[in-house]
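Chain by chain, the residues:
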Amino acid sequence: MCKVVANDSRAPPPQDDCKGASRERSWGLLVTAGVGGTLVALYAVVTPFVTPALRKVCLPFVPATSTQIHNVLRMLENRSGSLVDIGSGDGRIVIAAAKMGFKAVGYELNPWLVWYSRYRAWRDGVHHNTRFYISDLWKVSFSRYTNVVVFGVPQMMPQLEKKLEEELKCNARIIACRFPFPCWIPDHTTGEGIDTVWAYDLKHSRGCETKRLEISPETKS
C-alpha cells in the first residue's frame, strides 16, 4: 500500500512580514510623537502672543515700521534724560533710542519678546544702555522717566493718560504712536496715517488745565 503524506497548511508566516509590520508600527509611533511635540511647542510659543488679546484692555504686539521709528526719533531730538517704551515689543524703539545716547528701558508683558529684545540689544552693541523688563504696565510707576513712548490702543489711552498725569514730572515728554491721547493737546505732530506720532509736553498740558480752571476777571461796569 502506498502512504500519502499530506502537506501541512498551517506553516508559520514568513519572518520578513513580521519585521515589516514592526517597522511600520515604530514609524507610526515616531510620527505621532513628533506631531504631538510640535503642537506642544507651538502652544508654548503662541500662547504668550495670543493671551494679551484676551484681556479687557489689550496691548497686542504690532512691530513698529521704520517710518514710525524715524518719527519717534524726531520727537526725541534735543531731549535728554531717561526713556521708557511702554509695551516695548521686540525692542526696536528702545534700541534706536539707545543708539541716540539715551539710557532706554522697555516694559513688556510677553517674555518671548523681552528675551528677543535683549538679544537684539546685545547684537547691536547697545546692551549696556538698555534694560528690558517683563512686567504689566499698570503695575509699574513711570515717575523716574522724562521721555515716555507708547504704542497703545484706543481703549487703553484714557486710563493711561490719567496714570501718566499722576506719575510724571512737569519736564516729561510723552510720545504716542498710532493713537493720540483723548484729552491732551499735542505740542508736536508728525507723520501720516498709522505712522502719525503725537508729542505731549506735560508742563504745557498741565498749564492748559490750569488755564481752564482760572476764573476770568469781571468786566468793569
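On a predicted model such as this, the values are computed, not experimentally measured, just so you know.

Secondary structure summary: the protein contains six helices and seven strands in total. Along the protein, helices and strands appear, N-terminal first, in the series α-α-β-α-β-α-β-β-α-β-β-β-α. A total of 221 residues make up the protein; the buried ones form 36% of that total. At a minimum sequence separation of 6, the contacts of the protein that also span at least 24 residues come to 63%. A total of about 14,200 Å² of accessible surface is found on the protein, and carbon and sulfur atoms cover 59% of it.

Turning next to the packing of helix α2 (residues 66-75) against helix α3 (residues 92-99). Put simply, α2 and α3 touch, their axes get as near as 10 Å, and they point 45° apart. Viewed along their axes, α2 and α3 adopt a mutual orientation that is oblique. Here α2 runs over α3; the crossing is right-handed. Between α2 and α3, the contacting residues are I69, V72 and L73 on the first element and R92, I93, A96 and A97 on the second. The residue makeup of the contact of α2 with α3, split by class, is six nonpolar, no polar and one charged.

Relative to the assigned elements, I69 resides in helix α2. Once the C-alpha coordinates of I69 and C177 are considered, the two residues, 108 residues apart in sequence, prove to be 9.5 Å apart. Aside from chain neighbours lying at most four places away, what touches I69 is A64, R92, I93 and A96.

Before going further, it helps to spend a moment on unusual backbone geometry. The phi angle at N78 is positive, at roughly 65°, despite the residue not being glycine. For R178, which is not glycine, the phi torsion reads 75° and is therefore positive. Residue position: R178 is located in the loop between β5 (173-177) and β6 (188-190).

We now examine the packing of aromatic side chains. Evaluation of the coordinates by the stated rule reveals nine aromatic pairs. The interplanar angle of 80° and the centroid separation of 6.5 Å between the aromatic rings of Y107 and Y145 together place this pair among those described as edge-to-face. Placement of the pair is Y107 in strand β2 (residues 103-108) and Y145 in the loop between β3 (130-134) and β4 (147-151), with a sequence separation of 38 residues. Here the two residues Y107 and Y145 agree in accessibility, since each one is buried. Aromatic ring contacts, followed pair by pair, group Y107, Y133, F142 and Y145 into a single cluster.

Of all the positions in helix α5 (residues 157-167), only M157, L160, E161, K163 and L164 are classed as buried. Taken down its axis, α5 places every buried residue within 165° of arc, on the same side. Exposed side chains of α5 directed beyond 90 degrees from the buried face belong to K162 and E166.

Moving on: the environment of F151. Assignment of secondary structure puts F151 in strand β4. Relative accessible area serves as the criterion here: at 9%, F151 is assigned to the buried category. Taking the C-alpha atoms as reference points, F151 and I86, separated by 65 residues in sequence, lie 7.2 Å from one another.

Moving on: the confidence of the model for the protein. When the pLDDT values of the protein are averaged, the result is 79; 65% of them are 70 or greater. When the criterion is pLDDT under 50, residues 39-57 qualifies, and its contacts beyond four places in sequence or with other chains add up to 16 contacts. Of the regions scoring below 50 in pLDDT, residues 208-221 engages in one contact with residues more than four places distant in sequence or in other chains.

Criteria and cut-off values
- Residues numbered from 1 in each chain as written.
- Predicted model: local features only at pLDDT ≥ 70, side-chain atom pairs only at ≥ 80, totals over all residues.
- Heavy atoms only, no water.
- Helix = DSSP H or I, 4+ residues; strand = E, 2+ residues; numbered from the N terminus.
- Buried < 20%, exposed > 50% of the residue type's maximum accessible area, 1.4 Å probe, protein only.
- Contact = heavy atoms within 4.5 Å.
- Areas by Shrake-Rupley, 256 points an atom, 1.4 Å probe, with all protein chains shown as cover.
- Axes fitted to C-alpha atoms, helices over the stretch in contact; angles between N-to-C directions.
- Parallel < 35°, antiparallel > 145°, perpendicular 65-115°, else oblique.
- Left-handed = near helix turned anticlockwise from the far one by under 90°.
- Nonpolar A, V, L, I, M, F, W, Y, C, P; charged D, E, K, R; others polar.
- Phe/Tyr/Trp six-rings, centres within 6.5 Å; stacked < 30°, edge-to-face > 60°.
- Arc of directions from axis to C-beta.
- pLDDT = per-residue confidence, 0-100.

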